[in-house]
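# Working through the structure, step by step
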Amino acid sequence: MCSDARTASRGCALYSAIGAVFMAWVTAMLHRQPFYLKGLDDVDNCRSSAQGATKAFLFSFAASLLYVCYDSECRRRRVRRHRRAGGGGGGGGGGR
């Protein structure tokens, strides 16, 4: 499934982005053309629920992106520290 938190966070970001887009579409349909969605007893409650779900997906998306950015920055710092400490960087200094 997922080998690390970075991969899981990217998957969550993708899932959240798709969910947010879909729920935004549902919210728009409930605002503009609720008569196309049959079986709704309380349209106002449905609108409110759809907006809440959109916000939850957007929060999850933002949290996932923040973790991906944080993890990327941590990886860059580790590489810089390793190079400064003399860990090399692929050595040889090829003349290209």
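Residues numbered from 1 in each chain as written. Predicted model: local features only at pLDDT ≥ 70, side-chain atom pairs only at ≥ 80, totals over all residues. Heavy atoms only, no water.

### Here we look at the overall build of the protein chain
Summing up its helical and strand segments, the protein chain has two helices and zero strands in all. Counting every position in the protein chain, which comprises 96 residues, the buried fraction comes to 21%. In the protein chain, of all internal contacts separated by at least 6 residues, the share reaching a separation of at least 24 is 63%. Only carbon and sulfur atoms are counted for the fraction: they give 59% of the accessible area of the protein chain, which is about 7400 Å². (Helix = DSSP H or I, 4+ residues; strand = E, 2+ residues; numbered from the N terminus. Buried < 20%, exposed > 50% of the residue type's maximum accessible area, 1.4 Å probe, protein only. Contact = heavy atoms within 4.5 Å. Areas by Shrake-Rupley, 256 points an atom, 1.4 Å probe, with all protein chains shown as cover.)

### Observations concerning the side chain of Asp 71
Structurally, Asp 71 is set in helix α2 (residues 43-84). If we ignore the near neighbours within four places in the chain, the residues touching Asp 71 are Arg 6 and Arg 78.

### Things to note about the side chain of Ser 16
Along the polypeptide, Ser 16 turns up in helix α1 (residues 5-32). In this structure the side chain of Ser 16 is engaged in a polar contact, spanning 2.8 Å, whose partner is the side chain of Ser 60. Every residue in contact with Ser 16, bar those within four places of it in the chain, is listed here: Phe 57, Ser 60 and Phe 61. (Polar contact = N/O pair within 3.5 Å; in protein donor to acceptor, adjacent residues only side chain to side chain.)

### Overview of the pattern of salt bridges
Between side chains of opposite charge, a pair can form as their charged atoms come close. For the coordinates displayed, the defined rule picks out two salt bridges. Of the charged contacts, one joins Asp 71 and Arg 6 as a salt bridge, the two residues approaching to 3.6 Å between their closest N and O atoms. Taken together, the residues span a long stretch of sequence, with Asp 71 in helix α2 and Arg 6 in helix α1 at a distance of 65 residues. (Salt bridge = Lys/Arg side-chain N within 4 Å of Asp/Glu carboxyl O.)

### Looking at the packing of aromatic side chains
Aromatic ring pairs are defined here through the distance separating the ring centres and the angle between the ring planes. Within this structure, the stated rule accounts for four aromatic pairs. Taking 4.7 Å as the distance between ring centres and 45° as the angle between the ring planes, the aromatic pair formed by Phe 35 and Tyr 36 counts as tilted. Each of the two residues, Phe 35 as well as Tyr 36, counts as exposed. (Phe/Tyr/Trp six-rings, centres within 6.5 Å; stacked < 30°, edge-to-face > 60°.)

### Examining α2
Given a rise of 1.5 Å per residue, 42 residues ought to cover 62 Å, and the 61 Å separating the end C-alpha atoms of α2 matches this to within 8%. Restricting attention to buried positions, one finds in α2 the residues Arg 47, Ala 50, Thr 54, Phe 57, Ser 64, Val 68, Asp 71, Ser 72 and Cys 74. Its buried side turned inward, α2 meets α1. The first or second residue beyond α2 is Gly 86, which carries a positive phi of 90°. (Expected span 1.5 Å × (residues − 1).)

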